Amino acid sequence: MSTEAQIAFRDELIAHGLLHATDVDGLYAQSGVFEDIIMRFNALVTRSGTPDGPEVLRFPPGMARSTLERSGYLRSFPQLAGTIHAFAGGDREHAALIAELDRGGDWTGGQKMTGIAFAPASCYPSYPIIAKRGPLPADGALLDVQSWCFRHEPSLDPARLQLFRQREHVRIGTPQQVLEFRERWLKRGRAIMESMGVPLDIDVANDPFFGRAGRMLAANQREQALKFELLVPITSTEKPTACCSFNYHQDHLGHAFGLHTADGAVAHTACVGFGLERIALALLRHHGFDPKVWPEAVRRALWG
Ligand code: AMP
Ligand code: ZN
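Here the structure is a predicted model, which is why all the values come from computation and not from measurement. (Residues numbered from 1 in each chain as written. Chains lettered and ligands numbered in written order. Predicted model: local features only at pLDDT ≥ 70, side-chain atom pairs only at ≥ 80, totals over all residues. Heavy atoms only, no water.)

Participant: Please explain the overall build of the protein as it appears in this structure.
Facilitator: Helix and strand counts for the protein stand at 11 helices and 12 strands. Relative to the compact-globule value of 19 Å for 304 residues, the protein shows a C-alpha radius of gyration of 21 Å, a close match. Looking at the protein as a whole, 46% of its 304 residues are labelled buried. Pairs at least 24 apart in sequence give 70% of the contacts found in the protein among residues at least 6 apart. Here the protein displays about 14900 Å² of accessible surface, and carbon together with sulfur accounts for 55% of that area. (Helix = DSSP H or I, 4+ residues; strand = E, 2+ residues; numbered from the N terminus. Rg over C-alpha atoms; globule rule 2.2 N^0.38 Å. Buried < 20%, exposed > 50% of the residue type's maximum accessible area, 1.4 Å probe, protein only. Contact = heavy atoms within 4.5 Å. Areas by Shrake-Rupley, 256 points an atom, 1.4 Å probe, with all protein chains shown as cover.)

Participant: What should I look at first to understand the packing of helix α1 (residues 4-15) against helix α10 (residues 276-287) in this one?
Facilitator: What describes two packed helices is the angle between their axes and the distance between those same axes. Orientation of α1 relative to α10, taken along the N-to-C sense of each, is 90 degrees, at an axis distance of 12 Å. Considering their axes alone, α1 and α10 lie roughly perpendicular with respect to each other. Together, Phe-9, Glu-12 and Leu-13 of α1 and Leu-281, Leu-284 and Arg-285 of α10 make up the contact between the two elements. For the contact of α1 with α10, the class distribution of residues is four nonpolar, no polar and two charged. (Axes fitted to C-alpha atoms, helices over the stretch in contact; angles between N-to-C directions. Parallel < 35°, antiparallel > 145°, perpendicular 65-115°, else oblique. Nonpolar A, V, L, I, M, F, W, Y, C, P; charged D, E, K, R; others polar.)

Participant: Would you explain the site of ligand 1 in this entry?
Facilitator: Near ligand 1 you find 14 residues, and of these Arg-151, Glu-153, Leu-161, Lys-227 and Ser-245 are the closest. Here a nitrogen atom of ligand 1 sits 3.3 Å away from a polar atom, N or O, in the main chain of Ala-159. Here Lys-227 contributes a side-chain N or O atom positioned 2.7 Å from an oxygen atom of ligand 1. Protein chains bury 92% of the 480 Å² of accessible surface belonging to ligand 1 in isolation. Within the residue set of the shell around ligand 1, elements represented by two or more residues are β8 (163-173) and β11 (241-250). In terms of residue count, the dominant contributor to the shell around ligand 1 is β11 (four residues). The residue inventory of the shell around ligand 1, partitioned by class, reads six nonpolar, three polar and five charged. (Near = heavy atom within 4 Å. Polar contact = N/O pair within 3.5 Å; in protein donor to acceptor, adjacent residues only side chain to side chain.)

Participant: Looking at this structure, I do not really get helix α2 (residues 32-49). What am I missing?
Facilitator: An α-helical segment advances 3.6 residues per turn. Residues three or four places apart therefore align on the same side. In this model α2 runs 25 Å from its N-terminal to its C-terminal C-alpha over 18 residues, within 8% of the 26 Å that 1.5 Å per residue would give. Listed in full, the buried residues belonging to α2 are Phe-34, Ile-37, Ile-38, Phe-41, Asn-42, Leu-44, Val-45 and Gly-49. One side of α2 holds all its buried residues, which, seen down the axis, span an arc of 155 degrees. The residue sitting at the N-terminus of α2 and contributing the capping side-chain oxygen is Ser-31; that oxygen lies 3.3 Å from the backbone nitrogen of Val-33. (Expected span 1.5 Å × (residues − 1). Arc of directions from axis to C-beta.)

Participant: Got a minute to help me understand the pattern of salt bridges in this structure?
Facilitator: Opposite charge on two side chains permits pairing when their charged atoms draw close. Under the counting rule described, the total for this entry stands at 16 salt bridges. The salt bridge involving Arg-188 is made with Asp-52; its shortest N-O contact spans 2.8 Å. Within this pair, whereas Arg-188 is found in helix α7 (residues 175-194), its partner Asp-52 is found in the loop between α2 and β3 (55-58), the two being separated by 136 residues in sequence. On the basis of relative accessible area, Asp-52 is assigned to the partly exposed category, the value being 27%. With its nearest N and O atoms 3.0 Å apart, the salt bridge here joins Asp-144 to Arg-58. (Salt bridge = Lys/Arg side-chain N within 4 Å of Asp/Glu carboxyl O.)

Participant: What am I meant to see in the sheet that holds strand β5 (residues 83-87) here?
Facilitator: Through backbone hydrogen bonds, the strands of a sheet pair up, either in parallel or in antiparallel fashion. Here three strands make up an open sheet; going across it, the order is β4-β6-β5 and the pairing antiparallel. Two strands bound the open sheet, and with one partner strand each, they are β4 (62-64) and β5. Ignoring strand direction, the axes of neighbouring strands in this sheet form an average angle of 60 degrees. The pairing of β4 with strand β6 (residues 111-118) spans three bridges and is classified as antiparallel. Looking at the pairing, Ala-64 lines up with Ile-116 of β6. (Pairing = 2+ DSSP bridges.)

Participant: Can you walk me through the coordination of the zinc ion (ligand 2) in this structure?
Facilitator: By definition of the ideal shapes, a tetrahedral metal site with four donors has angles of 109.5 degrees and an octahedral site with six donors has angles of 90 or 180 degrees. At the metal site, the zinc ion (ligand 2) is ligated by Cys-123 (SG), Glu-168 (OE), Glu-168 (OE) and Cys-271 (SG), and these contacts range over 2.2 to 2.7 Å. For the zinc ion (ligand 2), the four donor atoms in the first shell make angles of 51 to 127 degrees at the metal, a pattern classed as irregular. The buried category is assigned to Cys-123, whose relative accessible area is 2%. Judged by relative accessible area, which is 3%, Cys-271 ranks as buried. (Donors = N, O, S within 2.8 Å, 3.2 Å for Na, K, Ca; no water. Tetrahedral: all angles 85-135°; square planar, octahedral: opposite > 155°, others 65-115°.)

Participant: Explain helix α11 (residues 296-303) here, please?
Facilitator: Within α11, the full set of buried residues consists of Val-298, Ala-301 and Leu-302. All buried residues of α11 fall inside an arc of 90 degrees around its axis, so they share one side. With respect to the buried face of α11, the exposed residues turned more than 90 degrees away are Glu-296 and Arg-300. In the core, the buried residues of α11 are packed alongside α2 and α10.

Structure below.
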């Protein structure tokens, strides 16, 4: 359910030309100003993470469907996943498609599943790439990744998009290596967002696991503090919005993708994700719709 405050903020963003609505809730074109905020913030994350020497991977919005299947995502979040379908018929099916289209009917019956699924999070496509290289070196793997991500959660809340970008850093290695990484990024993520001059809080969180069985998974995730979120009030102070997350997957993805450490153990993984659109929205909310008149310290941090 979208609140009045969310809808009002969406209307203001559209009125200021920052977002352009489409026929679909949670799907927008973004303006040059909006994109510039994201690019500048992204550069800030680069400056923060580059000293660690991550390997850079940039992904298209689609990934191999086999990656979605192997990841376990469909077990936990079937309601959010998106797969790409395409026409696979001949002349007869094409004629039927056109007839349905002209009739304003359902033309999608002849669509067949392709080998591509949307990435639900930007770290997913990296795991099979690393697994293919064989056992990890002793110091594990450290990645700087970005992708457009799809989640089927249509909403009028401008901070709940169906297609959005996540900038992540990913660590694959021993439990000690990945937990040290997460600690480091918890501090860094806080420092980066504090330099953005927005009110924030970091708290234990859980993912929206599907169904009745999902409630137990969510409770377990919280109990073990596997997920932290950096929250910024955007359209509500009681329910602030998660702008970054800090996730410890234990050996779940290591098992799923066959990731192994140098000594043959199943690798553990962790990732830190910055939701780029949400961060841009948090900045617009707190500093106003015109970045040219944002506070000097924030402008310096982003534009130098
Ligand atoms: P998650 O994997 O759910 O922890 O997501 C990582 C980050 O992506 C979140 O902290 C958000 O900043 C961002 N994010 C997640 N879902 C959405 C969405 N529907 N719209 C926009 N940003 C999102
Ligand atoms: Zn991730």
